[in-house]
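Given next are the chains, with one letter for each unit.
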Amino acid sequence: MKVFFYLDVSCNRNHVLVSPGSRQKVNMRVSDLISQLIIELGQRHVFSLPGYFIIDLSMAMKSRGLDLISFRHEAAAVMAADGYSRSRGTVATTLINTGPSFMNAIGPLMAAKKDQIPIVTFVGVDEASRYLDEGLFQTAPIPEALFKATVHLRKYSDIVGAIRQAYRLAASPPGGPVLIVVPIDVARRSTTPDAVPHGVLEGAPPTQVDYTPDIDHIERKLSKSQRPLFVFGGGSLGPRSRDLANALTLTLKIPSLMTIHALGLLEDDNPYNMGWIGTLNRSRGGSDIYGADCIVAFGARLSDRFIESKFRNSDITQVNISPDHFAYNRQVSRIVGDCIPIMEKLLERSETAPPAEGWRPAPHRGSPEPEDTGNLLYRCIDTLYAAHRDAIVSCDDGTYTVPAIQLYNPMAPGRFLFSGNLAYGGYSLPAAVGAKLANPETTVVCITGDGGLLAVLGELSTVRALNIGLLMIVFNNSSFLTINQWSGGGLKADLPDARFSQIATNFGIAAACVGNLDAFREALDQWSGDAPLLIEVIIPPIAVTNHFTVE
């Protein structure tokens, strides 16, 4: 869905015109009005890197009491907002300067769009009469296709209504980033505050849809199946989704898998919880799970690569509110709709149906083998989780990703943070910062590698400036190991033999460098949780395989 609001009477017919507001006696700048409004909409933090065209907004936000978190790179600011939104289940706010600053933020914004993360991004630009001139110094066109919707503030028309609508659109399923363009002359202009609303903004009221034909279709598929399988993705999350998913699997006795974004949806003691679904994993169900003859996927994207490698012979039905998230090259049954009411109605019918016989794949549980050189990574992650079972964990894409997911059973959705569909490098540290700010009383752990940390090394300065109790685990093998593995050694992607513990110490962060499990445990025990700690684990640049035993 693309929605454009141009607050200007000259809007063309392709744009939705927001009715002009009052022009009474002025007594407030637009930047102050925007700041007061987003506070009234429930926002407390704004993730940013100040620049010239957002100076007025930045100062207004600080003076109004917003916590303006300044990062060292715009990409990190957006990734922090991403982690904040995922872990708290709410809209996050970013403030970005135009030109090269916005160009730096493009990658994480695309990742947020692909993962349906609700982020409202204010972008400060040149004067309203000039900012569309691409020839201006440090000016570049804004790729609005990155966003679910766009708001242009050109005049002081109905700013209150437009911004309320922007936050509502970001939060309404499917979630996603929304852009608000604020020219610097508009931000400095005076206006009337009018009636700024009070109370946290709620999402758009749900539309009543008759899903009876869709539920009939799912029931027909399941009734013909001998080995059905549910897959739950991030698109299935919402009010009561955890209760619904567990009740549905237990009532129908259908084994179920979760994508990374849905980890924690199924309770750990649910006997039909088969764990994580992914191209590299071995789930709790072992290889038997891939013999499923019928799959119903709720809010899960299911890439064509994954389907062909794991479930090429399965009859697949996908339920997703976004038509963009269906498998492209594979014939699947597509149901466009909200997963929550469909799951509710399916459960209602199931509770009055005859008891299902069900089937259970052979049990298969992840467990590290006795420690050896190549398994130190697994052992450290296993030890970490044993010590901090209820932590929020953020993770980069690297050698450590699969062990981090395989060994962790989150207590609820939104407690394992990963830039899933785009797998954006350097995500873990900024996302952990955002999650900690959103959940100050909860333990937050950042798991990254030498390559991931190098991408956002400057954000160690941000961590120190905020002085938040963040636990950072860095696995250092002096290489981009996955690149070396994919190329069969043809592309040597070695990294300098840096000591990140020393770099952290130079930033004023407590740090330890360890090379065995005992030293890791000792360093972990020293952390009080009140201040940041970085533990660097030196591992050899060798392949890390899936270490599992079958029970």
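Residues numbered from 1 in each chain as written. Predicted model: local features only at pLDDT ≥ 70, side-chain atom pairs only at ≥ 80, totals over all residues. Heavy atoms only, no water.

As a further point, take the packing of aromatic side chains. Applying the stated criterion to the full structure yields nine aromatic pairs. Seen in terms of ring centroids, Tyr 408 and Phe 416 are 6.1 Å apart; in terms of plane orientation they differ by 45 degrees. Their pairing is tilted. Neither Tyr 408 nor Phe 416 differs from the other in exposure class; each is buried. In this structure an aromatic cluster arises from ring pairing among Phe 47, Phe 71 and Tyr 84. (Phe/Tyr/Trp six-rings, centres within 6.5 Å; stacked < 30°, edge-to-face > 60°. Buried < 20%, exposed > 50% of the residue type's maximum accessible area, 1.4 Å probe, protein only.)

Counting 62 residues, the largest nonpolar core has Phe 298 and Phe 416 as the members making the most contacts within it. Of all the elements, helix α11 (residues 376-387) adds the most residues to this core, at seven residues. Not counting residues within four places of it along the chain, the set of residues in contact with Phe 416 comprises Ile 260, Leu 263, Tyr 385, Val 393, Cys 395, Ala 404, Ile 405, Tyr 408 and Pro 410. Counting 50 residues, the second-largest nonpolar core is a separate cluster that includes Val 125, Leu 179, Ile 468 and Ile 509. (Core = buried A, V, L, I, M, F, W, Y, C linked by side-chain atoms within 4.5 Å. Helix = DSSP H or I, 4+ residues; strand = E, 2+ residues; numbered from the N terminus. Contact = heavy atoms within 4.5 Å.)

Pairing is parallel across the open sheet formed by six strands, whose spatial order is β12-β11-β10-β13-β14-β15. Each having just a single partner strand, β12 (273-276) and β15 (333-336) make up the two edges of the open sheet. The sheet shows a mean angle of 20 degrees between the axes of neighbouring strands, taken without regard to direction. In the sheet, strand β11 (residues 256-258) pairs with β12 via two bridges, with the strands oriented parallel. Residue pairing in the sheet places Met 258 in a bridge with Trp 276 of β12. (Pairing = 2+ DSSP bridges. Axes fitted to C-alpha atoms, helices over the stretch in contact; angles between N-to-C directions.)

To continue, consider the pairing of strand β21 (residues 533-538). Most of β21 sits inside the fold, with five of its six residues counted as buried. Examined bridge by bridge, strand β19 (residues 470-476) and β21 share six bridges and lie parallel to one another. Note on β21: the bridge partner recorded for Leu 471 is Leu 533. In this structure, strand β20 (residues 510-514) lies alongside β21, joined through five bridges in parallel fashion. Bridge pairing in β21 places Ala 512 opposite Ile 535. Taken together, β20, helix α18 (residues 517-525) and β21 constitute a β-α-β crossover, and its handedness is right-handed. (Right-handed = clockwise from strand over helix to strand, strands pointing away.)

What follows covers unusual backbone geometry. In this structure, Pro 174 follows Pro 173 across a cis peptide bond, with omega equal to -10 degrees. Non-glycine residue Asn 467 carries a positive phi angle of around 50 degrees. Within the fold, Asn 467 resides in the loop between α15 (459-466) and β19.

Take the pattern of salt bridges next. Inspection of every chain in the model, using the stated rule, returns 13 salt bridges. One salt bridge connects Lys 345 with Glu 348, and the closest N-O pair in it is separated by 4.0 Å. Residue Lys 345 and its partner Glu 348 are located together in helix α10 (residues 339-352), separated by three residues, close to a single helical turn. One continuous salt-bridge network, built from bridges that share partners, spans Arg 29, Asp 32, Asp 56, Arg 64 and Arg 188. (Salt bridge = Lys/Arg side-chain N within 4 Å of Asp/Glu carboxyl O.)

Between its first and last C-alpha, helix α4 (residues 100-114) extends 22 Å over 15 residues, near the 21 Å set by a 1.5 Å rise per residue. The sharpest bend along α4 reaches about 40 degrees and sits at Ile 106, with the proline Pro 108 one to four residues further on. Three or more residues of α4 are buried, namely Ser 101, Phe 102, Ala 105, Gly 107, Pro 108, Leu 109, Ala 111 and Ala 112. Following α4 by one or two positions, Gln 116 adopts a phi angle in the positive range, close to 60 degrees. (Expected span 1.5 Å × (residues − 1). Bend = angle between axes of the 7 residues up to and from the residue.)

The next point concerns the sheet that holds strand β16 (residues 392-395). The parallel open sheet is built from six strands, whose spatial order is β17-β16-β18-β19-β21-β20. Edge positions in the open sheet fall to β17 (416-417) and β20, since each of these has one partner strand only.

Turning our attention to the state of the cysteines. Taken as a whole and assessed by the stated rule, the structure comprises zero disulfides. Of all cysteine sulfurs in the structure, the one in Cys 395 sits closest to Cys 446, which takes part in no disulfide; the separation is 8.5 Å. (Disulfide = S-S within 2.5 Å.)

Here we take up the side chain of Arg 415. Tracing the backbone through its elements, the reader meets Arg 415 in the loop between α12 (401-406) and β17. Lacking a salt bridge, the buried Arg 415 has Asp 390 as its closest oppositely charged neighbour, with an N-O distance of 5.3 Å. Within the structure, Arg 415 has its side chain in polar contact with the backbone oxygen of Asp 390 (distance 2.3 Å). The residues contacting Arg 415, other than those within four sequence positions of it, are Asp 390, Ala 391, Ile 392, Val 393, Tyr 408, Pro 410 and Thr 442. (Lys, Arg positive; Asp, Glu negative; His and termini not counted. Polar contact = N/O pair within 3.5 Å; in protein donor to acceptor, adjacent residues only side chain to side chain.)

Glancing now at the environment of Ile 538. Of note, Ile 538 is situated in strand β21. Take Ile 538: its relative accessible area is 26%, and that puts it in the partly exposed class. Linking Ile 538 and Asp 450, residues 88 residues apart in sequence, is a C-alpha distance of 9.9 Å. Excluding anything up to four places from it in sequence, Ile 538 contacts Leu 376, Asn 476, Arg 499, Cys 513, Val 514 and Gly 515.

Here the focus is the packing of helix α7 (residues 212-223) against α10. The geometry of α7 relative to α10 is characterised by a closest axis approach of 10 Å and an angle of 60 degrees between their N-to-C directions. In terms of their interaxial angle, α7 and α10 are classed as oblique. In this structure, α7 meets α10 at a crossing whose hand is right-handed. Together, Thr 212, Ile 215, Asp 216, Ile 218 and Glu 219 of α7 and Ile 342, Lys 345, Leu 346 and Arg 349 of α10 make up the contact between the two elements. Class assignment of the residues belonging to the contact of α7 with α10 gives a composition of four nonpolar, one polar and four charged. (Parallel < 35°, antiparallel > 145°, perpendicular 65-115°, else oblique. Left-handed = near helix turned anticlockwise from the far one by under 90°. Nonpolar A, V, L, I, M, F, W, Y, C, P; charged D, E, K, R; others polar.)

It is worth spelling out the environment of Ala 112 at this point. Mapped onto the elements of the fold, Ala 112 is located in helix α4. Residue Ala 112 is classed as buried on the basis of its relative accessible area of 0%. When the C-alpha atoms of Ala 112 and Ser 85 are compared, they prove to be 10.0 Å apart, with 27 residues separating the residues in sequence. In contact with Ala 112, not counting residues within four places along its chain, are Asp 82, Ile 117, Ile 119 and Pro 177.

Two elements in contact, helix α3 (residues 74-88) and α4, have axes separated by 7 Å at closest approach and are oriented at 30 degrees. Judged on the interaxial angle alone, α4 and α3 are roughly parallel. Note that α3 runs across α4; the crossing there is right-handed. Residue-level inspection shows Glu 74, Ala 75, Val 78, Met 79 and Asp 82 of α3 in contact with α4, the latter providing Ser 101, Asn 104, Ala 105, Pro 108, Leu 109 and Ala 112. Within the contact of α3 with α4, the residues separate by chemical class into seven nonpolar, two polar and two charged.

In short, geometric facts, not functional conclusions.
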